[in-house]
Structures are given as structure tokens and as C-alpha cells.
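Take a look at the letters that make up each chain.
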Amino acid sequence: MLIARHNAILEIARQTGRVSVDDLAKRFDVSPQTIRKDLNELCELRLLARTHGGALLSSGIENVGYEARRIISSKEKADIASKVADVIPDNASLFINIGTTTEAVAQALLQHRGLMAITNNINVASLMRGYSQIEVVVAGGVLRHADGGIVGEAAVDFMRQFKVDFAIVGASAIDPDGSLLDYDYREVRVTQTIMENARHVILVADSTKFERTAPVRVGHLSQVHTFVTDQCPSERIRQIANEKEVDLIETGEVDEN
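Treat the numbers as computed from the prediction; the structure is a model and nothing was measured.

Parameters and conventions
Residues numbered from 1 in each chain as written. Predicted model: local features only at pLDDT ≥ 70, side-chain atom pairs only at ≥ 80, totals over all residues. Heavy atoms only, no water. Buried < 20%, exposed > 50% of the residue type's maximum accessible area, 1.4 Å probe, protein only. Helix = DSSP H or I, 4+ residues; strand = E, 2+ residues; numbered from the N terminus. Pairing = 2+ DSSP bridges. Right-handed = clockwise from strand over helix to strand, strands pointing away. Axes fitted to C-alpha atoms, helices over the stretch in contact; angles between N-to-C directions. Parallel < 35°, antiparallel > 145°, perpendicular 65-115°, else oblique. Left-handed = near helix turned anticlockwise from the far one by under 90°. Contact = heavy atoms within 4.5 Å. Nonpolar A, V, L, I, M, F, W, Y, C, P; charged D, E, K, R; others polar. Expected span 1.5 Å × (residues − 1). Arc of directions from axis to C-beta.

1. Overview of the pairing of strand β14 (residues 226-229)
Here's step 1: Residues T226 and V228 point to one face of β14 and F227 and T229 to the other, with burial holding for every one of them.
Here's step 2: Bridge count between strand β12 (residues 198-204) and β14: 3 bridges; the pairing is parallel. Along β14, the bridge assignment pairs V204 with V228.
Here's step 3: Of the pairings in the sheet, the one linking β14 to strand β15 (residues 247-250) comprises 4 bridges and is parallel in character. Paired with T229 across the two strands is E250, which belongs to β15.
Here's step 4: Read as a crossover between parallel neighbours, the route from β14 over helix α10 (residues 235-243) to β15 is right-handed.

What follows is the structure, encoded as C-alpha cells:
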């Protein structure tokens, strides 16, 4: 049976996507050991997923809310986006798909000139709309109210019309075997088409994606050319990147502990 504190912890996790032991201990005026016990019990019920120093809202078959995902690792996403902006030259054509990290990349590209940005992300289109030096092309299809993503077969057919210089793609989870995972098979079909029709695919994903899972396979790390993350904690992923000649770029400090 869930106690009142458990329900309060779950509500915080729903709002922010993740919780930390130290913050919860201060909030509820209890010891860190008590909070760890709470989190372990919630994880046993598969309501949360344990991480170092806290927990994430359990991924399962449903993603964390879009606004909560914006908050999770926001600094790391900004650093990733800045690095990608250094890679993308002026006068390039690119796909930008759905996601809060890809949205951060769009933000970092606003001072570029001569870009042609093709997107199925309404948030990206809205962000770039006011910059006359960027041509924004928006896919048609079904608008997903939860996050402003445009999905479905119409979006797939639309993306097939183009062959671009770069694709900026995200993933909801990265499996230890290198599989890139997501939640909505309709979104996955669009992402797969984006990857197939770009000369250079850039995967952007912060390190929390190694701690999560999702049910639909987008593709594999070997299908991307550059992977930008704040930190890669998986030696197996490093090995795959090395073997498949994927350029792995880390923007954060490596944790030696």
C-alpha cells in the first residue's frame, strides 16, 4: 500500500520527470535513508526507475510529459545543442525531429544563416519562424497534442521528398546493445525515414537515456555518423561506436566514481 509520502513523491516525479534523494529528504524533513527506502519500494512497484542519487518516472510504454522532459537535464541538453551547432555549417539543409534535445539544437542554430530546416516538430517550427535567414519547412500529418509532434504516413511520405545534409534525431532510450528506442511507432516511422534521407545523421541524447527503456525500435547506433551526449556511461556503447566508426562526442566531465 502506498503511503501519503509515496504519492507525493510520484506527483513530483510526474511534474519534473525525476527526483533526487537529497531534495526529497529536505522537502519531507526525513533522512536520506528513509527516502531511499521509499524510492526502492516505488521502483519495486515499477512506478519509478532507480538512478544514481534518485529515480526517474518509470518509462515502460509511456513517455514522460513533454514539459517535464524539457526540465530533465536541461543544462546537459543545452551543452549538447551548442556542440551540434558547431558541427552544422551555414547554408546547410537539415531534418530536425521530435524531442526536447532536438528542440534545444534548434535554439542553438538560430544565429546560423542560409539554413533549410525540415521538421515534424511544431515547437521547432515555432521557434525558428521569426528568423528570416532560416527557411522552415513543416511536415504534414497527424498533430500529436502531447508534444506538438507531427506523425503518421503523411509525414513519412512528406519526408521522403528530401535528401538533406544533416539529420538531427533524438531517442527516448538507448539499449545496452546499441538499439535506439522510442514509444510511438508512428513517430518511429518518421524518424527512420529522416535517417534514410540524410547524408549525415547526428544522434543527440543525454545520459539519462541510458537509464530508460521504450518498446519500439527506431534503429541502431551503427546507423548514425555522430553521437553527441553529455556523458556515455556504457563501455559497450563506446565499443560499438568505435567498431562502427561513429564519432562519439561527450560534452560533460566523465565521472570517475
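2. Some thoughts on the packing of helix α1 (residues 4-16) against helix α2 (residues 21-28)
Here's step 1: Relative to each other, α1 and α2 sit at 130°, their axes nearing to 12 Å. Judged on the interaxial angle alone, α2 and α1 are oblique. The chirality of how α1 crosses α2 is right-handed. Mapping the contact onto sequence places R5, A8, I9 and I12 in α1 and L24, R27 and F28 in α2.
Here's step 2: For the contact of α1 with α2, the residue count by class is 5 nonpolar, no polar and 2 charged.

3. Regarding the environment of E196
Here's step 1: Here E196 is to be found in helix α9 (residues 185-196).
Here's step 2: Classification of E196 by relative accessible area gives exposed; the value is 56%.
Here's step 3: Residues E196 and M159, spaced 37 residues apart in sequence, show a C-alpha to C-alpha distance of 9.8 Å.

4. Quick word on unusual backbone geometry
Here's step 1: Phi is positive for D29, close to 55°, though the residue is something other than glycine.
Here's step 2: As for its placement among the helices and strands, D29 is situated in the loop between α2 and α3 (32-44).
Here's step 3: By relative accessible area, which is 71% here, D29 ends up exposed.
Here's step 4: Unlike most non-glycine residues, N91 shows phi in positive territory, near 60°.
Here's step 5: Positionally, N91 belongs in the loop between α5 (74-87) and β4 (93-96).
Here's step 6: Taking relative accessible area as the criterion, N91 reaches 62% and is therefore assigned exposed.

5. Looking at α3
Here's step 1: In this model, α3 (13 residues) spans 18 Å end to end at C-alpha, consistent with the 18 Å of a helix rising 1.5 Å per residue.
Here's step 2: Buried within α3 are the following residues: I35, D38, L39, L42 and C43. The buried side chains of α3 occupy one side of the element, clustering within an arc of 135° when seen end-on. Exposed and oriented more than 90 degrees from the buried face of α3 are Q33, K37 and E44.
Here's step 3: Buried residues along α3 sit in contact with α1, β1 (18-20), α2, β2 (48-51) and β3 (54-57).
Here's step 4: Of the residues trailing α3, R46 is marked for its positive phi of about 60°.

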